[in-house]
Amino acid sequence: MNAILIIGHAPLAHALRQCALHVFPDCASAVAAIDVQPNLSPEETLATARIAMAQLTQPPGVKGVLVLTDIFGATPSNVAQKLVDGVTSRLITGVNLPMLLRTVSYRHEPLDALVSRAVVGGTQGVMQVAVTAPQNQPRRSHDQDEHDHQQ
């Protein structure tokens, strides 16, 4: 099994973790979150992240850690880059809820497969939804009242 560490600008990381726990209440021990506070230095955040990483890898059966951050180039991502080794831990930036839910769902897969699933889940979760007003929607042939949208 793999663990998941979310590092994001406060309060995003903990909010995402809470959403994951809402859907998958059994994942609490496998998902940790660090909210980067504006008043803390990157070194302090890195120290906190190292502690969280050590706690995530302690339970037997944890093979790797996938670290998810919000924005590439920002403090959470910069801290995470110093944390991951590329072998037993990997980093993905641009976390969103679809990505996290996909990651939690497939956390038992090998780390390489988990990275792929996370990126695909995050990408597929972003889409434009066209919404049109009922009066602008085409009429269906079986509609009985042609003027139901008029007042």
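See above for the structure.
Report follows, based on the coordinates. Keep in mind it's a predicted model, so treat the numbers as computed, not measured. (Residues numbered from 1 in each chain as written. Predicted model: local features only at pLDDT ≥ 70, side-chain atom pairs only at ≥ 80, totals over all residues. Heavy atoms only, no water.)

### What to know about the packing of aromatic side chains
Using the criterion set out here, one finds zero aromatic pairs in the structure. The ring of Tyr106 has Arg117 lying over it, and the distance from NZ or CZ to the ring centre is 3.9 Å. (Phe/Tyr/Trp six-rings, centres within 6.5 Å; stacked < 30°, edge-to-face > 60°. Lys NZ or Arg CZ within 6 Å of the ring centre and 35° of its normal.)

### Quick word on a nonpolar patch on the surface
Side chains of Met127, Val129 and Val131 sit close together on the surface and give an oily, nonpolar patch of about 360 Å² of accessible area. Among the secondary structure elements, Met127 is positioned in the segment after helix 5 (111-124). (Patch = residues over 30% accessible without salt bridge, like charges linked within 9 Å, V, L, I, M, F, W, Y side chains within 5 Å. Areas by Shrake-Rupley, 256 points an atom, 1.4 Å probe, with all protein chains shown as cover. Salt bridge = Lys/Arg side-chain N within 4 Å of Asp/Glu carboxyl O. Helix = DSSP H or I, 4+ residues; strand = E, 2+ residues; numbered from the N terminus.)

### A look at the environment of Thr48
By the secondary structure assignment, Thr48 is in helix 2 (residues 42-57). Thr48 sits in the partly exposed class, given a relative accessible area of 40%. Taking the C-alpha atoms as reference, Thr48 lies 9.8 Å from Val36; in sequence the two are twelve residues apart. (Buried < 20%, exposed > 50% of the residue type's maximum accessible area, 1.4 Å probe, protein only.)

### Re the pattern of salt bridges
Inspection of the entire model under this criterion finds three salt bridges. A salt bridge links Arg90 to Asp112; its shortest N-O distance comes to 2.7 Å. Here Asp112 lies in helix 5 and Arg90 lies in strand 4 (residues 89-93), a separation of 22 residues in the sequence.

### Considerations on the sheet that holds strand 2 (residues 31-36)
Strand order across the open sheet formed by four strands is 2-1-3-4, with parallel pairing between neighbours. Whereas interior strands pair on both sides, the edge strands pair on one side only; in this sheet they are strand 2 and strand 4. Shown here is a sheet whose adjacent strand axes are inclined to one another by a mean of 20°, direction ignored. In this sheet, strand 4 lies alongside strand 3 (residues 64-69) in parallel orientation, the contact comprising five bridges. Residue Val67 lies in a different strand from strand 4, and its bridge partner there is Leu91. (Pairing = 2+ DSSP bridges. Axes fitted to C-alpha atoms, helices over the stretch in contact; angles between N-to-C directions.)

Keep in mind these numbers describe shape, not what the thing actually does.
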